[in-house]
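The primary structure of each chain is shown beneath.
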Amino acid sequence: MNKFEPTILAFCCNYCAYAAADIAGVSRMQYPTNVRIVRLPCSGKVDITYILRGFESGADGVIVCACLKGGCHFVEGNLFAENRIKLTKDILEAIGIGGERLDMYFISSAMASKFVEVVKEVTEKLRKLGPALPKKIQLTKQDPEASKRIFLYNMIKNLALRRPENVITVPEGLEEFGKIEFNPSKCIGCKKCEEICPEKAIDSIRELDLSAILKTSMDQTDERSTKRQRLYETLTKIARKSPSKPISIPEGFEGFYKMQYDPKKCVFCEKCRDVCLEKTINSVKELDLYAITA
Ligand code: SF4
Ligand code: SF4
């Protein structure tokens, strides 16, 4: 039986890791031929879509090789990359490919032998793990009209070997990902959040979702007990059964709306949270892949 030979994609920054790989080549140091090097101006250029595209294209593992911490030519590029790698590892774990297939290394231009060691080590690990995907898959097509974020989520869906179950915590310092939560028992349906959202990620629906409202515990510390909150508290007390479906709101009845949120479109700018006078909206540093890939 033929021994499985993995394909490794290595994103190397121009100033350190790529120079180290170059010196290793010029010095005729021996290392496995499994690695395909992509030179980048800085490791901070590595995007989650680049890594996932690598897996879609048949890579069994991806490594990102950056400058030593404190030695980045662009000051903090390697630290930004480190945060993205943490999130991407969690995404790969959640969709069943496995976070261990992605790693980051900090290698200076003088560390050619470290580069060689890394390639040998990763090749050996991936030989044991086997192929990343059971069969070849089609590349996700990018719609020029759609945002990069939608492209990323479609790619995650294309690669997923299993449905993600748990939400993923977004690492500190990674500003562009998170999710928005609404407290329906506080919302007065003013629609300010919908109007300000630049991505049209919020929609107002003429519905009263009593099931969600009764499940939301009332904030007892809030001194501003509104008539609306008292109404919901009373409903909670007298409810003899849990409402199973939302109630349609009749035309001309302006006070009640349900705010529906699309996590695929949200860029986590937090403008909706800032504009909500009722403090109904909370921003959470979590990525809900279950909702995004549904
Ligand atoms: S801004 Fe706040 S109160 Fe107004 S509709 Fe949005 S969530 Fe509800
Ligand atoms: S965080 Fe920004 S993009 Fe997301 S729902 Fe709120 S306003 Fe829209």
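In this text, all values refer to a predicted model and were calculated from it rather than measured experimentally.

A short note on the nonpolar core
Of all hydrophobic cores here, the largest spans 72 residues; its most connected members are C13, A17, C65, A66 and F115. Each of domain 1 (8-129) and domain 2 (170-292) gives at least three residues to this core. When residues no more than four places from it in sequence are discounted, the contact partners of C13 are Y18, L40, C42, S43, C65, A66 and C67.

Topic: the environment of K148
Structurally, K148 can be placed in helix α5 (residues 148-159). K148 gets classed as exposed once you count the C-beta atoms within 10 Å, which come to 12. Expressed as a C-alpha distance, the spacing of K148 and T49, which sit 99 residues apart in the sequence, is 8.4 Å.

Quick look at the domain arrangement of the chain
By the assigned domains, the chain splits into domain 1 (8-129) and domain 2 (170-292). With centres defined by C-alpha atoms, the gap from domain 1 to domain 2 works out at 41 Å. Between domain 1 and domain 2, the contact holds six residues from the first and six residues from the second. Here the residues of the side of domain 1 that touches domain 2 are counted per class, giving three nonpolar, one polar and two charged.

A short note on the environment of A66
Tracing the backbone shows A66 in strand β3 (residues 61-66). Note on A66: 30 C-beta atoms within 10 Å, which makes it buried. Between the C-alpha atoms of A66 and D288, which are 222 residues apart in sequence, the distance is 29 Å. If we ignore the near neighbours within four places in the chain, the residues touching A66 are C13, C16, A17, S43, N78, A81, M104 and F106.

Rules used in this analysis
Residues numbered from 1 in each chain as written. Chains lettered and ligands numbered in written order. Predicted model: local features only at pLDDT ≥ 70, side-chain atom pairs only at ≥ 80, totals over all residues. Core = buried A, V, L, I, M, F, W, Y, C linked by C-beta atoms within 7 Å. Buried ≥ 20, exposed ≤ 12 C-beta atoms within 10 Å, placed from the backbone. Domains from an automatic or database assignment. Contact = placed C-beta atoms within 7 Å. Helix = DSSP H or I, 4+ residues; strand = E, 2+ residues; numbered from the N terminus. Nonpolar A, V, L, I, M, F, W, Y, C, P; charged D, E, K, R; others polar.

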